[in-house]
Amino acid sequence: MRLIATLLLSILCISVSAQQKKFAFISGKVIGENEDPLSRVSVVILGNQGGISTNDSGYFRIKVAANKAIQLVFTYSGYNEFKKNFYLSVDEEEKVTIKLERGGTLETVVVSDNKERTEASLIRINPKNSIPLPSASGGIEALIKVLVGDRNELSSQYTVRGGNYDENLIYINDFEIFRPYLVRSGQQEGLSNINPEMASKVDFYNGGFQTKYGDKMSSVLDIQYKKPKYFGGSVYMSLLEQGFHLEGSAKKQKVTYLLGVRNKSNRNLLSSQETQGSYTPTSNDIQGYVTYKLNEKWQLELLTNFSATKFTLLPESAEKTSSVFSPLFSANIGLDIYFEGKEKDGYNTSLIGLSAINQPNKRTKLKWMLSRFQNKEKENFDIAGAYLFGERDFDNSSASFGQIVNPLGAGYYQNYARNELNIEVWNASLKGSINVDSGRHFIQFGNSIEQTNIKDKLYEWEYQDSAGYSLPINTTTGKLYNFLNTTSDLSIQKYSGYIQDQIKSINDKRVITLQAGVRYNYNSLNKEFLISPRVQFSYKPNNWKKNDIVFKLAAGIYNQPPFYRELRKFDGTLNTDVKSQKSYQIVGGFDYNFISSKRPFRLTTEAYYKSMKDIIPYDIDNVRVRYFGNNNAKAYAYGIETRLYGELVKDAESWFSLGIMRTRENIDDDHYYQYKNAAGEIINSRTKDQTPVDSIKNEVGWLRRPTDRLITMGLFLQDYLSTNKNLKVHLSMLYGSNMSYNIPNSVRYRNALVIEPYIRVDIGFSALLLDEKSKRRSHNPFGGFDNIWASFEVFNLIDRRNTISYQLIKDFSNAVYSIPNRLTPRLLNFKIVGRF
């Protein structure tokens, strides 16, 4: 009997143990129609009385029975109930995103993380995070800078993996977006092309992107605007920017509409710049997006974007200071400039895009597109400056405190320009997709024809006078230091297309995704025909029960045909024989989901290598990219990036990014000569005997590219009071190690200067002023608002004025000094946002 009892007890224990292990998990996020996370949504297994609720980030994770059909029920006040069926294996975890709707029928269930996790270099950004993010430039680009690094808080432009500003593609609803080209500094920039209040989905590829995207070498920013079903909107005001947006539908949701209006003025930011004067920067835009469903197979879409930016400056004076240290000499070098003149610039852009979407059956979708983009830019300035520089007195007990007490040089300069640029781009495209074999094959294809017309007129000169001598010195005639007088009229036809297939193979042991395709490009400017094959591969092992990990690999050819800036040399002439810059890229990494302290986290890591040829070298001065105008260099870039996403603070989404990168270039014939006199001394400005009798040829070789930065770090952190989650803090931290700065038109002194590390901390405090509409009195003047938030922001919390470029000054002995041009100090901003 004892043996039988022992045996029965053992069987019972084994049975109980087996039953305890027969579980699986379902996790994910519940969002509303505008992609906002919904907190306190009830998640219940049908037939059970108990359940869980989503947290403040909309996240949930629930244990369910394995090897058994179950149904989850999602309920939330004011939204339709939704049910979804699941059947999971033991220890399997499925991740979903559930979108709930107000009234009507719930149509969309998106299986999240799959695309982001299986595609190399894809970062999916929540556009709503751009609203609380404290940033001087603001917008979705400010979120991207936390991920890829920054060098200028006044600009919305960014560099990715060693590329420059011109190597990034931007799409809104499949229409390519262009930026102004004559902008020289971040303070002249206006609003970003993207209105975050109108965006529903933001996909950012920082390399290794698919064949369907165009011909650039660095990144893709793919924006999709919302198709709302119910009326709503927002209004916001701050010291820097004001705007509102409206959204809704009509005719039983056959018509949807979006309208956004914004105004921005950086006057408060620029009033603290080193150059004092009267700044009048204004930027306005209006964007619209309308869809009309003709029937079940046809839909029309119209996207419009009109933007006008004006910048006026009446400079008065500037005081700059730089410290010089050496074993023999150290001093605080100051530069005082007194200005006269005026600058007045204007940048107007417009985009009209019309789409006709045809879905002849459930498997096939066609999108016919026609767009016209126009860019009109004018740059007018006539500014003269008289300067004195030397050692500045920083003894606050001295009567000459803050003044230059030991002059080293003095001079006068004048900059004059009357520049105009008109760009018109017409584009006709077809994009399509076919779903084959129940989703195992997803074929995408497209073709486009583009007509680009470019007209510009450059009339620009620079005069410099140092110690009473006009530079360059010519005793017989007066000569300008720099002079440009050119006109151009280009008409370019471009043809491009692609085809790609995504193949998915799934079984109990693994999930394999293979995406392969090829694109072509031809343009009439240089008669160049390019073929670019690209491939992506991902592998997810299903039998690693305790590790939710995906391995990814991508490789391909990425060519970049010249557009406008690449053609123009330093002397202003155009080289229409410039060929495309070419690269092949390899990307490999992994995507790992895990739970720590009962909170979800996601760790991604990617290593990459880019080999480039036919490169057009360039210099960057502030945000102005100046090309050599010839394919006379080769280059490479390699690095590794890792990012951690999750709730560093419970129920508050945050992320941390770390990147290590090196990029180098080798310019053809980049050599210089040093000359010796009879005594064997190398001749310089201090050598007595200036007669050369011999020379030494020096090869420069591989050098740092202007965007080379070894380390970049970014942190976006959200927190709240433990006693009141409606009082929140948002912190943005950026670090970028030093960068090289090139002396213009100099081979010998390329990489001669170094821009010190970029360090910036911005912080914002927000409070929910109004919520819970049902508890308000009927006569409340804000009864129509769903919620109202107020934010107080401190830009550049540590008050570090980062360097963006250098101004070169000669002293009386013809020695050159570099004086840094610095960015903004600590500034305050107040913002209030209301949604209805």
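Residues numbered from 1 in each chain as written. Predicted model: local features only at pLDDT ≥ 70, side-chain atom pairs only at ≥ 80, totals over all residues. Heavy atoms only, no water.

Undergrad: What should I look at first to understand the overall build of the chain in this one?
TA: Scanning the chain from terminus to terminus reveals four helices and 45 strands. Taken over the C-alpha atoms alone, the chain extends approximately 115 × 70 × 60 Å along its principal axes. When burial is assessed residue by residue, the chain has 52% of its 836 residues classed as buried. A fraction of 67% describes how many contacts in the chain between residues 6 or more apart in sequence connect residues 24 or more apart. Only carbon and sulfur atoms are counted for the fraction: they give 55% of the accessible area of the chain, which is about 38300 Å². One way to put it: in the chain the 105 positive side-chain charges average out to a point 8 Å from where the 87 negative ones average out. (Helix = DSSP H or I, 4+ residues; strand = E, 2+ residues; numbered from the N terminus. Buried < 20%, exposed > 50% of the residue type's maximum accessible area, 1.4 Å probe, protein only. Contact = heavy atoms within 4.5 Å. Areas by Shrake-Rupley, 256 points an atom, 1.4 Å probe, with all protein chains shown as cover. Lys, Arg positive; Asp, Glu negative; His and termini not counted. Charge placed at Lys NZ, Arg CZ, Asp CG, Glu CD.)

Undergrad: Whenever I open this one, the sheet that holds strand E3 (residues 51–53) confuses me. Can you help?
TA: Paired through backbone hydrogen bonds, the strands of a sheet run either parallel or antiparallel to each other. Reading across the sheet, the four strands line up as E3-E2-E5-E6 and stay open at both edges, with antiparallel pairing between neighbours. Both edges of this open sheet fall to E3 and strand E6 (82–86), since each of them pairs with a single strand only. The mean angle between the axes of side-by-side strands here comes to 20°, regardless of whether they run parallel or antiparallel. When strand E2 (residues 42–45) meets E3, the two strands line up antiparallel, connected through three bridges. Residue pairing in the sheet places Val 43 in a bridge with Ile 52 of E3. (Pairing = 2+ DSSP bridges. Axes fitted to C-alpha atoms, helices over the stretch in contact; angles between N-to-C directions.)

Undergrad: I would appreciate a short explanation of the environment of Lys 145 in the present structure.
TA: Looking at where Lys 145 falls in the secondary structure, it is placed in helix H3 (residues 140–148). Residue Lys 145 is classed as buried on the basis of its relative accessible area of 2%. Between the alpha carbons of Lys 145 and Phe 785 there is a distance of 32 Å; along the sequence they are 640 residues apart. Setting aside its immediate chain neighbours within four residues, Lys 145 contacts Ser 137, Asp 150, Asn 152, Ser 155, Ser 156, Gln 157, Tyr 158 and Leu 734. Polar side-chain contacts of Lys 145 include one of 3.0 Å to the backbone oxygen of Asn 152. (Polar contact = N/O pair within 3.5 Å; in protein donor to acceptor, adjacent residues only side chain to side chain.)

Undergrad: Explain unusual backbone geometry to me, please; I cannot follow it from the model alone.
TA: Most of the time, phi is negative for any residue but glycine, and the peptide bond is trans. Residues other than glycine seldom take positive phi values, yet Gln 253 does so here, at roughly 70°. The topology assignment puts Gln 253 in the loop between strand E15 (241–250) and strand E16 (255–264).

Undergrad: I tried to follow the packing of aromatic side chains on my own but got confused; where do I start?
TA: To describe a pair of aromatic rings, you give the distance between the ring centres and the angle between the ring planes. Evaluated as defined, the whole model comprises 31 aromatic pairs. Between Phe 785 and Phe 836 the ring centres are 5.8 Å apart and the planes differ by 90°, which places this aromatic pair in the edge-to-face class. Within this pair, whereas Phe 785 is found in the loop between strand E41 (758–770) and strand E42 (787–795), its partner Phe 836 is found in the segment after strand E45 (827–835), the two being separated by 51 residues in sequence. Aromatic rings pair up to connect Phe 178, Tyr 181, Phe 373, Phe 563 and Tyr 564 into one cluster. (Phe/Tyr/Trp six-rings, centres within 6.5 Å; stacked < 30°, edge-to-face > 60°.)

Undergrad: Looking at this structure, how should I read the sheet that holds strand E12 (residues 199–205)?
TA: Overall, mixed pairing links the five strands, which are arranged E9-E12-E13-E10-E11 in an open sheet. Each edge of the sheet is formed by a strand with only one pairing partner; in this case those strands are strand E9 (122–125) and strand E11 (175–176).

Undergrad: Looking at this model, I keep getting lost on the nonpolar core. Mind explaining?
TA: Note that soluble globular proteins tend to have their nonpolar side chains buried in a common cluster. With 70 residues, the main nonpolar core has Phe 204, Leu 221, Ile 223 and Tyr 225 as its most contacted residues. Per element, the largest residue contribution to this core is seven residues, and it comes from H3. Apart from the residues within four sequence positions on either side, Tyr 225 is in contact with Ile 172, Asn 173, Asn 193, Ile 194, Asn 195, Met 198, Ala 199, Ser 200, Leu 258, Gln 287, Tyr 289 and Leu 303. The next biggest cluster of nonpolar side chains, apart from the first, holds 21 residues, and it includes Val 41, Val 64, Phe 74 and Phe 82. (Core = buried A, V, L, I, M, F, W, Y, C linked by side-chain atoms within 4.5 Å.)

Undergrad: Just checking my understanding: could you explain the pairing of strand E14 (residues 232–238) for this structure?
TA: Residues in a regular strand point their side chains to alternate faces of the sheet. Across the seven residues that make up E14, a large majority, five, are buried. One ladder, built from six bridges, connects E14 with E15; its direction is antiparallel. If you follow Ser 234 over to E15, its bridge partner there is His 245. Counting the residues that bridge the hairpin from E14 to E15 gives two residues. Bridge analysis of E14 against E45 gives five bridges, and the strand direction is antiparallel. Its bridge partner lying in E45, Val 235 is registered against Gly 834.

Undergrad: Can you walk me through the pairing of E41 in this structure?
TA: In this structure, strand E38 (residues 724–736) lies alongside E41, joined through ten bridges in antiparallel fashion. In the sheet register, Leu 731 faces E41, and the bridge partner there is Ile 763. Taken together, the seven bridges between E41 and E42 define a ladder with antiparallel strand orientation. What sits directly across from Phe 765, in E42, is Phe 792.

Undergrad: Would you explain the environment of Thr 486 in this entry?
TA: Along the polypeptide, Thr 486 turns up in strand E24 (residues 482–506). On the basis of relative accessibility, which here comes to 14%, the residue Thr 486 falls in the buried class. Thr 486 sits 29 residues away from Lys 457 along the chain, and the two C-alpha atoms are 6.0 Å apart. Once you skip the residues sitting within four places of it in the chain, Thr 486 turns out to touch Asp 456, Lys 457, Leu 458, Arg 568, Gly 572 and Thr 573. Here Arg 568 takes part through its side chain, which lies 3.3 Å from a polar atom of the side chain of Thr 486. Among the polar contacts made by the side chain of Thr 486, one reaches the main-chain carbonyl oxygen of Gly 572 at a distance of 3.4 Å.

Undergrad: Even after reading the chapter, I still don't get the confidence of the model for the chain, so can you show me in this structure?
TA: Low pLDDT means the predicted atomic positions in that stretch should not be read closely. Averaged over every residue, the pLDDT of the chain is 86; residues scoring 70 or more account for 91%. Within the chain, strand E10 (residues 168–172) carries the highest mean pLDDT (95), whereas strand E8 (residues 109–110) carries the lowest (34). Every residue in residues 1–21 scores below 50 in pLDDT, and together they form two contacts with partners more than four places removed in sequence or on other chains. (pLDDT = per-residue confidence, 0-100.)

Undergrad: Looking at this model, I keep getting lost on the side chain of Asp 591. Mind explaining?
TA: Looking at the secondary structure, you find Asp 591 in strand E28 (residues 581–596). On the accessibility criterion, Asp 591 (0% relative accessible area) is buried. Here Arg 117 takes part through its side chain, which lies 2.9 Å from a polar atom of the side chain of Asp 591. If near-sequence neighbours (up to four positions away) are discounted, Asp 591 is found in contact with Glu 116, Arg 117, Asp 548, Ile 549, Val 550, Lys 552, Arg 602, Leu 603 and Thr 604.

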